[in-house]
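Geometric and topological summary
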Amino acid sequence: MSDANILRSEARQRAALLSTDSYRVHVDLSGRTPSDTPLAEPTKTFVSTSTIRYTGNEEGTTHVDLIADEIVSATLDGRPLAVDDFEGHRFTLPVAPGSHELTVTAICRYSREGTGLHRFVDPADDRVYLYTQFEVPDARRVYACFEQPDLKATFEISVTAPAGWTVVSNSDRVEPQPTSDGFARWDFAATKPMSTYITAIVAGEYHQVTDSYAGRSGTVPMSVLCRQSLAEHLDADRILATTKAGFDVFEKHFDMPYAFGSYDQSFVPEYNIGAMENAGCVTFRDEYVFRSRVTAAALRGRDNTILHELAHMWFGDLVTMTWWDDLWLNESFAEWASHFAQSENDEDASTAWAEFCNSRKTWAYRQDQLPSTHPIAADMVDLDAVELNFDGITYAKGASVLRQLVAYVGRTEFLAGVAAYFAAHQYGNTQLSDLLTKLEEASGRDLSDWSAQWLEVAGVNTMRADFETTPEPGEGTETYSRFTVVQTAPQDWPTLRSHRMSIGVYALRDDVLTRVKRVECDVTGPRTEVPELVGVEVGDLVLLNDDDLAYTKIRLDPASLATVVEHIAQIDSPLARAVLWGAAWDMCRDAEMAAADYVTMVLGGIGVESDLTAVGALLKQSATAAELYTAPGEARTAARVALEQGIARQLRDADPGSDHQLAFAKALATAVTGDAGGSLLRGWLDGEEVPEGLVIDTDLRWLLITELARLGAASEADIDAELERDNTITGQEAAAAARAARPTRAAKAAAWHLMVEAPDVPNETHRKVCRQFVRAGQEDLLSQYVEPYLRTAAAISEHSGVWADRGLPLQNGFLTLAFPDLVASEELVDRVEQWLRTDGLSDQVRRLVGERRDDAVRALRCHRVRAGR
């Protein structure tokens, strides 16, 4: 348990003692103290003053949450409070019945880890940029507060900053008022009631594009912000168009106008996550401002993230969970809603759901088969538990289950229930039962059993088709005489659930594998008969979970699998292909299909796959199959060479300038294995033998440099020269990553120092170094880092050394990315298992290291499967 943890029981006790009314928060970024003297560390610290008005319900004692260097002063109802007993994260507070006003002034510290108030100086032009990131418990790093979601209040936020800066918050934009010495003050109007974790400040020399949206409740001012050095790359028109289209969908189908006045979207540097749903003041990682050409999949992915955060304005911000047990009410719904919005705006509604199947559901299935899986509605006993559950269960499995629920109760009824939920609980806090009640009222269905099966129990089921056929006399065809869906469950999670599922029968006609029969049914228990398919002509492919309505793994019968391997490129439905790609990947991961056979199947169909999300996912999964799921030695070498050659053929055949060409070029760069491949990449860098239509732009150059470094074909001088061409923060991060990829003892030792010893490594640099440290072809070097990895994990558990100050993003990044899974062996598995029995390990470390051990166990099972079976 971390020192600054907050228990659910403590939060409940505090909510019983008091209720919050309002906050006035002033953040002073002038570098001066309240007495107008210079701060000792003006580039590392700032001053905040928080005034909380609250109502005590009874006599008692609680605490105010604050992580700060020191409290300068504190008063309660105008009377000074002693501040000597401040613990660094809690300030004890007596509670009495009636209305009270608490004011706390503190010196707080800027973050370099993307939590609290993050401060960044752009090396491109020395401009300063700040932004807040508060979820889950980090508003207390900026101002004194009651850090729990059910103590909502209004917020009047003000900021003192350099007069030339741009400052936005949760309220409409305001004109700054000059103060003195080149500074100004922004005083924002009071917000609607909201939780502390979605308050926000973005301040700095940002480039800003303004616009507005004509909504149901009037005009919504909008803007998009980014660093000045990225302004030339900001495609604000598309970002704003996507946002407005999302507003149209959500205001219509949620039957509730947008609630928070203005809507600013800021693309910020060194961000730990994709984005954050601060009310009316959303922040995104600024890698979403694309400096170089990207595929349609990347643009669609950014669109989806924009819509995800916009959906949170209703799911999470307008109506908020009482405690983090119902985190899924925020994330699963926003995940579902973002794809729903895309499907509403797409010409083909299935496109968005195919993308969901090809990317997000794969994440869910993996997470749900790890030893750390948990129910969607998880038991969040404290904030430490919450931090670990922003995962594929909370996001993608929850969204998958909601998609099935929509099919189960009906789309019209589902949306009516959701609208009633917003109307009944706007600006309030809820629990799971509140939502289920509204959905039951709208649909007339009892959802208690559904909730018990899907939200309260972990694990994923597997479906197989079991059927018999009968020849049709004189016709040369066969029909199904019996058709049964067989459902199984893993031993550790033996629940057999009720699934709403469609079943498709496909036939090869005129060189197209097309659906000729569809049946939708409820699958329950171990065996479900499907009489609607009896008498139907036997097809070339039987596809369970056609249309991807259910959350389940599927297995193909032998004839269907043979059809898919040979003809997947001829299936005319992107969503059907997505389900089949997922089934094949499940079989590969479950050691039911040789990794080499999976790679062969992918290379046979990827060239004509229209979903670029699928193309990107399949290329990455093929690399995992060749590099991790193939036994080390000659077999792995052969698999990697086969993958390299196959991608090279795909690149050769791709249309010049197409998205496929770009995707294959990047994949080939990461797949090359020898001197010839290195020479090819070096030639591209020098403008030689570049495929027609392929532009070697800034980001692609860095990829080529990194992969040449991996091969030992790029020196320190090469990396330094590329950094001189691109001396931006992105270039600096890429250079550090390229150095970590080099296959030498010295390079790995230097990277290890950055990862585990250096006292001040920016969060994004740390993450990129960790990603490049473990690379295929370097197994001999990586085998030396098993024990150092475990020693570092122990230090993280103990919060010792640099890990006493490094936050969860850096800790989790190391534990997840630096595990040497490429040297998976029985010895590695046994050693890690022995280590995991160490007494006193934190839940965080035990969980993440246990997950990586499980990945190694899975890899070993895959190593034993021979190709061609």
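The following refers to the structure shown. Just so we're clear, the structure is a prediction, and the values are computed from it rather than from any experiment.

**Side note on the packing of helix H24 (residues 786-798) against helix H26 (residues 826-836)**
Axis separation between H24 and H26 bottoms out at 11 Å; the angle between their running directions is 20°. One way to sum up the angle between H24 and H26 is to call them roughly parallel. Note that H24 runs across H26; the crossing there is right-handed. Contact with H24, carried on its side by Val-786, Glu-787, Leu-790, Ala-793 and Ala-794, involves Leu-828, Arg-831, Val-832 and Trp-835 of H26 and no other residues of that element. Its residues assigned to classes, the contact of H24 with H26 shows seven nonpolar, no polar and two charged.

**Some remarks on empty space enclosed by the protein**
If you walk through the whole model with that rule in mind, you get seven cavities of 30 Å³ or more. Space inside the largest cavity adds up to approximately 140 Å³. Residue lining of the largest cavity: 17 residues in total, with Tyr-365, Val-579, Gly-582, Ala-583 and Asp-586 positioned closest to the centre. Sorting the residues of the lining of the largest cavity by element identifies helix H5 (350-368), strand S28 (553-555) and helix H12 (574-589) as the ones contributing at least two each. Broken down by element, the residue count for the lining of the largest cavity peaks at seven residues, all from H12. Looking at side-chain class alone, the lining of the largest cavity contains seven nonpolar, four polar and six charged residues. The calculated volume of the second largest cavity comes to roughly 60 Å³. In this structure, the second largest cavity is lined by Cys-357, Asn-358, Thr-362, Ala-578, Trp-581, Gly-582, Trp-585, Ala-614, Ala-617, Leu-618 and Gln-621. Of the residues that constitute the lining of the second largest cavity, the class distribution is seven nonpolar, four polar and no charged.

**Notes on the side chain of Ser-400**
You can see Ser-400 is positioned in helix H7 (residues 393-409). Owing to a relative accessible area of 2%, Ser-400 belongs among the buried residues under this scheme. Dropping the residues within four chain positions of it, Ser-400 is found in contact with Phe-356, Lys-361, Leu-549 and Tyr-551.

**Some words on the nonpolar core**
In this structure, Leu-29 and Trp-314 are the most contacted members of the largest nonpolar core, which totals 283 residues. For this core, the element with the highest residue contribution is H12, accounting for 11 residues. Discounting chain neighbours no more than four positions away, the residues touching Trp-314 are Phe-247, Phe-250, Glu-251, Phe-254, Met-256, Pro-257, Tyr-258, Val-319 and Phe-422.

**A word on the pattern of salt bridges**
Enumeration over the complete set of coordinates arrives at 69 salt bridges. Among the salt bridges present, the one from Arg-366 reaches Asp-855, with a minimum N-O distance of 2.7 Å. With Arg-366 in helix H5 and Asp-855 in helix H27 (residues 843-863), the pair connects residues that are 489 residues apart, well separated along the chain. Put simply, Glu-520 and Arg-500 hold a salt bridge, and the shortest N to O gap is 3.0 Å. You can see Glu-520 sitting in strand S25 (residues 512-523) and its partner Arg-500 sitting in strand S24 (residues 499-509), a full 20 residues away along the chain.

**Overview of the layout of surface pockets**
There is about 510 Å³ of room inside the second largest pocket. Contributing to the lining of the second largest pocket are 23 residues, with Gln-369, Pro-490, Gln-491, Lys-553 and Arg-858 lying nearest its centre. Breaking the lining of the second largest pocket down by element, the ones donating at least two residues are strand S22 (462-472), S28 and H27. Among the elements that take part in the lining of the second largest pocket, H27 stands out by supplying five residues, more than any other. In terms of residue class, the lining of the second largest pocket is built from seven nonpolar, five polar and 11 charged.

**With respect to the environment of Cys-108**
Of note, Cys-108 is situated in strand S7 (residues 98-109). Among the residues examined, Cys-108 registers a relative accessible area of 0% and is labelled buried. When the C-alpha atoms of Cys-108 and Val-47 are compared, they prove to be 6.0 Å apart, with 61 residues separating the residues in sequence.

**A short note on the packing of aromatic side chains**
This model, assessed by the stated rule, comprises 44 aromatic pairs. Their ring planes at 85° and their centres at 5.3 Å tell us that Phe-254 and Phe-315 sit as a pair that is edge-to-face. Here Phe-254 is found in the loop between helix H2 (236-253) and strand S17 (263-268), whereas its partner Phe-315 is found in the loop between helix H3 (296-312) and strand S20 (320-321), with 61 residues between them in sequence. Per residue, the accessibility class of Phe-254 equals that of Phe-315, and both read buried. Arranged with centres 5.1 Å apart and planes meeting at 70°, the rings of Trp-336 and Phe-414 form a pair that is edge-to-face. A residue pair is termed long-range when its members are at least 10 positions apart, and Trp-336 in helix H4 (residues 327-345) and Phe-414 in helix H8 (residues 411-425) qualify at 78 residues. By relative accessible area, Trp-336 is classed as buried at 3%.

**With respect to the side chain of Thr-305**
Looking at the secondary structure, you find Thr-305 in helix H3. Its relative accessible area of 13% is what places Thr-305 among the buried residues. Of the polar contacts made by the side chain of Thr-305, one reaches the side chain of Tyr-288; its length is 3.0 Å. Setting aside chain neighbours within four positions, we find Thr-305 in contact with Ala-275, Phe-284 and Tyr-288.

**Here we look at the sheet that holds strand S10 (residues 154-162)**
With mixed pairing, eight strands are arranged side by side in an open sheet as S5-S4-S7-S2-S1-S10-S13-S12. Only two strands of the sheet have a single partner each, and these edge strands are strand S5 (79-80) and strand S12 (177-178). Bridge count between strand S4 (residues 70-76) and S5: two bridges; the pairing is antiparallel. Residue pairing across strands places Leu-76 opposite Arg-79, the latter belonging to S5.

**With respect to the pairing of strand S8 (residues 116-121)**
Counting buried residues in S8 gives five out of six residues, a clear majority hidden from the surface. Looking at chain direction, S8 and strand S9 (residues 128-133) are connected through six bridges and run antiparallel. In the strand pairing of S9, Gly-116 is matched with Gln-133.

Thresholds applied
Residues numbered from 1 in each chain as written. Predicted model: local features only at pLDDT ≥ 70, side-chain atom pairs only at ≥ 80, totals over all residues. Heavy atoms only, no water. Axes fitted to C-alpha atoms, helices over the stretch in contact; angles between N-to-C directions. Helix = DSSP H or I, 4+ residues; strand = E, 2+ residues; numbered from the N terminus. Parallel < 35°, antiparallel > 145°, perpendicular 65-115°, else oblique. Left-handed = near helix turned anticlockwise from the far one by under 90°. Contact = heavy atoms within 4.5 Å. Nonpolar A, V, L, I, M, F, W, Y, C, P; charged D, E, K, R; others polar. 1 Å grid on protein atoms, 1.4 Å probe; cavity = no way out; pocket = protein on both sides within 12 Å on 5 of 7 lines; lining within 4 Å. Points joined across faces, edges and corners; volume = space filled by probe spheres on them. Buried < 20%, exposed > 50% of the residue type's maximum accessible area, 1.4 Å probe, protein only. Core = buried A, V, L, I, M, F, W, Y, C linked by side-chain atoms within 4.5 Å. Salt bridge = Lys/Arg side-chain N within 4 Å of Asp/Glu carboxyl O. Phe/Tyr/Trp six-rings, centres within 6.5 Å; stacked < 30°, edge-to-face > 60°. Polar contact = N/O pair within 3.5 Å; in protein donor to acceptor, adjacent residues only side chain to side chain. Pairing = 2+ DSSP bridges.

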